[in-house]
Amino acid sequence: MEPAKEEESSVQDEAVDKSNFKNCNHIAFYRRQKLLLPGNSLYQALLDSVTLCNDSVKLQIINEKNKVPLLVEIYAIDGNIFRLKINEVSPLKSRYEVPDVLIKEPTTQRLSIAQKEAGILVLTCANEDCKLHITANPFQIELESQDETVLSVNTNGLLYFEHLQLTPQNSKTTAQKKEDASIDSSQENQEDLGLWQEEFGSFLDIKANGPSSVGLDFSLHGCEHVYGIPEHAETLLLKNTSDRDAYRLFNLDVYGHKIHDKMGIYGSVPFLLAHKPNRTSGIFWLNSSETLVEINTKAVMEHVPSRSPPDITKQRVVPQTDVRWMSESGIIDVFLLMGPTPFDIFKQYAQLTGTQALPPLFSLGYHQCRWNYEDEQDVKTVDTGFDEHDIPYDVIWLDIEHTDGKRYFTWDKKKFQHPKRMQELLKRKKRKLVVIIDPHIKVDPLYALYSEAKKKGYFVKNRKGQDFEGICWPGSSSYLDFTNPEVREWYADQFAFKSYKGSTDVLFVWNDMNEPSVFKGAELTMQRDAVHHDNWEHREVHNLYGFYQQMATAEGLIKRSGGQKRPFVLTRSFFAGSQKYGAVWTGDNVAEWSYLKISIPMLLTISIAGISFCGADVGGFIGDPEPELLVRWYQAGAYQPFFRGHANIESKRREPWLFGDENTQIIREAIRERYTLLPYLYSLFYRAHTTAEPVMRPLWVEFSKEQETFGVEDEYMLGNALLVHPVTEQEATTVNVLLPGSDEVWYDFRRFRRLDYPGTLKIPVTLESIPVFQRGGSVVPLKTTVGRSTEWMTDISYELRVALDSKDFAVGELYLDDGHSFQYLHKKQFLHRKFTFHKNVFSSSCADEIGQYHTTCVVERVLILGVQKQPTSVTVSLQGKRDGKDKEVVFTYDAKTSMLTLEKLLLNVGADWEIHIK
């Protein structure tokens, strides 16, 4: 790596002092909203204004102090969802409403008025189970399901809405300005309210539209466990926030971010889940400006009607969690998801924002990355190293140094003279290349991409109407305005083979620095008063910037293939709905044990917020992991959705074979285990794609009534069949594993030992592996051996691992298609098989008749765990076979582990068959 040229930026520009970032005290809209204290709301509903429309109920509410009316719209959406929108009745100009995140305008049900009297309005929808109670004064809404109050709105009177105003004349006094914002300035202690401008360090943010903040509080009844709102380096269970310590949703480039910190990092999904044993509910706050979330769990007294003398009511203490959302701008647009199960919540959220894109199969293999592989020879050497050490891998990655002076869509003329030839070599070995393409564009009139974008007016502007310029890796840079559909279309066209010289169909893309990152900018990001398409300020769209770049990139890769092939795009910055476009990772982590440990709750939180395809840099991006930490990280990563080793430019080389023979052997085993697991993982991704089930999930999702699981974050379920407990402590010799469910049966995934006594067990561990358990009642499809990459494994036979439950039953599935195209969607070319073990018969049947896909691949081996006694005979019968004769099956029985092994089966994976055990 050459020293950074003078005009370019180096890693030191990114490794910044944490004082460059705001805390809650620095955020003016937060300080203003905090002046509104809990109590009776200033708003009251005007019940005379209620109108019943086909799709909604509309009414006005009015602020008693400033007399500004707001329009409230309430929608009942198919699938047990309610939507609440609050906007000004007649704003000075339009307020920003988030486009493109919802996959379509939701289908609504008609609401009807069940009661309207004495300041109460009761609405019901076609689903009679749900009722909305609206109280006029003070304005409140309660959502009831089956006569139980699930959630209430504005309970603490914290509805807050700054209406747009005319720019004040300079002659106005501070007192007048404060009055305009309808804030009681007596409590203000002359603190700067940042109404029309706001300072942070040496930066000045000029607010063309003045104060426009919105906020609302919700109470979740009976709930003390809340989750979601990624991305934070925090626990799975959201914590109570103290004053000035809210969870912040504001996408920022925080190099080596702190752990157990509520500051915003790379991505934001404003979706919160609340769970109690009999119900899961959700709040999706659709707002892309900076958002702060406060959480307070407390005990409240609840009245219980008594059947004894009618005038006596009993009281009981129940938990309640209050959640307060505060956003810098926009409108209030919130979706209340009523569940009632965790899986209902995932479906409801996906119904709004879309499901996880089905990844190409290669992208579920192992990815080898560093900043940077030096040149073509380095790429070739590393690629060969995997073969020489018999370690499978699918993708090698190139960071920013592969370009011509950080000009994206180009190649360094010395180091990467023959990029096509390099890709052809990878292609012959059935492997792929990923290159980095960031959103900042080097200011250079001789750089074709820059000069064309400038001529077309495609860059974000500053408030004076010139192209916004900031410093990033290339030095002075302009930033493409991805919020503009025309820019996205143009950008997608840059991926065409004729435009992107030296690219081939095995090249895929990594979008980094897309928060967007601006070195030397306020909080290392773009000025909030920068101006986007349609004259919207950056403050309105900030959290959408990376979402839009990934959208345009994915579209470009699909277009490049004539609509035939699935894209692979990894993004660092994300928002609600990013799951539709690819994968995300947790950003610039550190090679320390604590970062391995926190990666588990971080990935679980991202997963339950709709983005299944997520991972953390194996080994830690910053610094040099000791061998034990690296080994433990590979073992964890092998059982997580996105599996990539990555390292910083200043880290020592750490290809898997550089840590001595013993460690190489253990890492090889971890990666090979990942490859045998691919049929199961790919089937899980199909479920995520079709039914929105997270691939990696917290224990409470599967065991929703078991309270001891609600806070567990050091282990997780991979699908519904495997429980994984990574080892995250140095020199650990034992780990405490919780095997939940009093009537569950668990099996050691590698040794097949049955564990009949669930609860917390002390499990001995060695460096060789981490504890993985298969749940009784499941069938896990595996490959019998591995190849050099996923594509070498197409014809490798299957093993089905059947784990019986306490009733000697098991069920599982396998999804199969060509692994790279959209034919599964457009031509229904796929196989979806169901495997069932019941009454000593193990059968394979079709799970989806629509799918048709020809494969010669066979099931070679079946392992059945939990078979109590040795069978006398095992036979197999093929459905529709003319001679109708059953064939004897070769089997062995291990009485010690109660495992029955069936070998040499050679049953076509697409055929119907039955195995009878007598």
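Residues numbered from 1 in each chain as written. Predicted model: local features only at pLDDT ≥ 70, side-chain atom pairs only at ≥ 80, totals over all residues. Heavy atoms only, no water.

## Topic: the overall build of the protein
A tally of helices and strands in the protein yields 16 helices and 52 strands. Here the C-alpha radius of gyration of the protein, 29 Å, is about what a compact globule of 918 residues would show, namely 29 Å. With the C-alpha coordinates of the protein rotated into their principal frame, the extents come out at 90 × 85 × 50 Å. Taken across its 918 residues, the protein has 63% of its residues classed as buried. In the protein, the proportion of contacts linking residues at least 24 apart, taken out of those at least 6 apart, comes to 72%. Carbon and sulfur atoms form 49% of the exposed surface of the protein, whose accessible area is close to 34100 Å². (Helix = DSSP H or I, 4+ residues; strand = E, 2+ residues; numbered from the N terminus. Rg over C-alpha atoms; globule rule 2.2 N^0.38 Å. Buried < 20%, exposed > 50% of the residue type's maximum accessible area, 1.4 Å probe, protein only. Contact = heavy atoms within 4.5 Å. Areas by Shrake-Rupley, 256 points an atom, 1.4 Å probe, with all protein chains shown as cover.)

## Concerning the sheet that holds strand β25 (residues 440-442)
Strand order in the open sheet made by the three strands is β25-β27-β26, with antiparallel pairing throughout. The sheet is open, and its two edges are formed by β25 and β26 (469-472), each paired on a single side. Neighbouring strand axes in the sheet, compared pairwise and without regard to direction, differ in orientation by 55 degrees on average. The pairing of β25 with strand β27 (residues 475-479) spans three bridges and is classified as antiparallel. (Pairing = 2+ DSSP bridges. Axes fitted to C-alpha atoms, helices over the stretch in contact; angles between N-to-C directions.)

## Considerations on the pairing of strand β49 (residues 890-894)
As judged from the five bridges shared by β49 and strand β50 (residues 899-903), these two strands associate in the antiparallel manner. Bridge pairing links Phe 891 to Leu 902 in β50. Here β49 folds back onto β50, and the loop between the two strands holds four residues, one of which, Ser 898, carries a positive phi near 55 degrees.

## A few points about the environment of Val 772
Relative to the helices and strands, Val 772 is located in strand β40 (residues 772-775). Sequence-wise, Val 772 and Asp 624 are 148 residues apart; in three dimensions their C-alpha atoms are separated by 27 Å. Leaving out residues up to four positions away in the same chain, Val 772 has contacts with Tyr 639, Leu 722, Leu 723, Val 724, Tyr 747, Asp 748, Phe 749 and Arg 750.

## Observations regarding the nonpolar core
If you look at the biggest cluster of nonpolar residues, it comprises 190 residues, and the most contacted ones within it are Phe 284, Leu 480, Phe 568, Tyr 639 and Leu 718. The biggest single contributor to this core is helix α11 (residues 593-608), with ten residues. Other than its neighbours up to four places away in sequence, Phe 568 contacts Pro 360, Phe 362, Ser 363, His 367, Trp 397, Val 434, Phe 508, Val 509, Leu 557, Ala 583, Phe 613 and Phe 642. Counting 52 residues, the second-largest nonpolar core is a separate cluster that includes Ile 74, Leu 132, Leu 272 and Ala 274. (Core = buried A, V, L, I, M, F, W, Y, C linked by side-chain atoms within 4.5 Å.)

## Some words on helix α6 (residues 419-428)
Taken together, the buried positions of α6 are Pro 419, Met 422, Gln 423 and Leu 426. Around the axis of α6, the buried residues are gathered within 95 degrees of arc, so they sit on the same side. Relative to its buried face, α6 has exposed residues pointing more than 90 degrees away, namely Arg 421 and Arg 428. Here the buried face of α6 lies against α5 (376-388), β23 (395-398), β24 (432-436) and β28 (507-511). A positive backbone phi angle near 60 degrees is found at Lys 430, which sits one or two residues after α6. (Arc of directions from axis to C-beta.)

## Regarding unusual backbone geometry
A cis amide bond, omega 20 degrees, links Pro 230 with the succeeding residue Glu 231. Position of Glu 231 relative to the elements: it lies in the loop between β15 (225-228) and β16 (247-249). At Ala 118, a position not held by glycine, the phi torsion is positive, near 45 degrees. Tracing the chain through its elements places Ala 118 in the loop between β6 (111-117) and β7 (120-125). Here Ala 118 falls in the exposed class, since its relative accessible area comes to 81%. With a phi close to 70 degrees, Phe 409 is a non-glycine residue in the positive phi region. Inspection of the secondary structure puts Phe 409 in the loop between β23 and α6. For Phe 409, a relative accessible area of 10% corresponds to the buried category.

## With respect to the confidence of the model for the protein
The predicted coordinates should not be examined in detail at positions where pLDDT is low. Model confidence for the protein is summarised by a mean pLDDT of 94, while 95% of its residues fall at 70 or above. Scored below 50 in pLDDT, residues 1-6 makes six contacts in the model with residues more than four places away or belonging to other chains. Segment residues 171-191: pLDDT under 50, and 24 contacts once partners within four positions in sequence are set aside and those in other chains are kept. (pLDDT = per-residue confidence, 0-100.)

## Focus: the sheet that holds strand β32 (residues 644-645)
Strand order in the open sheet formed by eight strands is β31-β30-β29-β28-β24-β23-β22-β32, and the pairing between neighbours is parallel. At either end of the open sheet lies a strand with only one pairing partner, and these are β31 (614-615) and β32.

## A closer look at the packing of aromatic side chains
Under the defined criterion, the tally for this structure stands at 50 aromatic pairs. Between the aromatic rings of Trp 411 and Phe 416, the centroid separation amounts to 6.4 Å while the plane-to-plane angle is 45 degrees, which identifies the pairing as tilted. On the basis of relative accessibility, which here comes to 9%, the residue Trp 411 falls in the buried class. Taken together, the ring pairs in this structure connect Phe 362, Trp 397, Phe 508, Trp 510, Phe 568, Trp 585, Phe 613, Phe 642 and Phe 685 into an aromatic cluster. A cation sits over an aromatic face here: Lys 430 above Trp 792, 4.5 Å from the ring centre. Of note, Arg 644 hangs over the ring of Trp 397, and the distance from its end group to the ring centre comes to 4.7 Å. (Phe/Tyr/Trp six-rings, centres within 6.5 Å; stacked < 30°, edge-to-face > 60°. Lys NZ or Arg CZ within 6 Å of the ring centre and 35° of its normal.)

## Considering helix α4 (residues 342-353)
The end-to-end C-alpha separation of α4 is 17 Å, in line with the 16 Å expected for twelve residues at 1.5 Å each. Among all positions of α4, only Pro 342, Ile 345, Phe 346, Gln 348, Tyr 349, Ala 350, Leu 352 and Thr 353 are buried. On its buried face, α4 is in contact with β4 (81-88), β17 (271-276), β18 (279-285), β21 (332-337), α11 and α15 (699-702). Downstream of α4 by one or two residues, Gly 354 has phi in the positive range, about 100 degrees. (Expected span 1.5 Å × (residues − 1).)

## Section: the pattern of salt bridges
Per the stated rule, a full pass over the model turns up 65 salt bridges. Residue Arg 566 is joined to Asp 817 by a salt bridge in which the shortest nitrogen-to-oxygen separation is 3.1 Å. Remark: Asp 817 occurs in the loop between β43 (810-816) and α16 (823-826) and Arg 566 occurs in the loop between α10 (545-560) and β29 (569-571); sequence separation between them is 251 residues. By the burial criterion, Arg 566 is buried, and Asp 817 matches it. One salt bridge connects Arg 775 with Glu 744, and the closest N-O pair in it is separated by 3.2 Å. Of this pair, Arg 775 sits in strand β40 while Glu 744 sits in the loop between β36 (734-739) and β37 (746-748); the two residues are 31 residues apart in sequence, bridging distant segments of the chain. As far as the burial class goes, Arg 775 and Glu 744 line up, both buried. One network of salt bridges, in which partners are shared, links Asp 205, Arg 248, Glu 290, Glu 328, Glu 523, Arg 528, Glu 537 and Arg 539. (Salt bridge = Lys/Arg side-chain N within 4 Å of Asp/Glu carboxyl O.)

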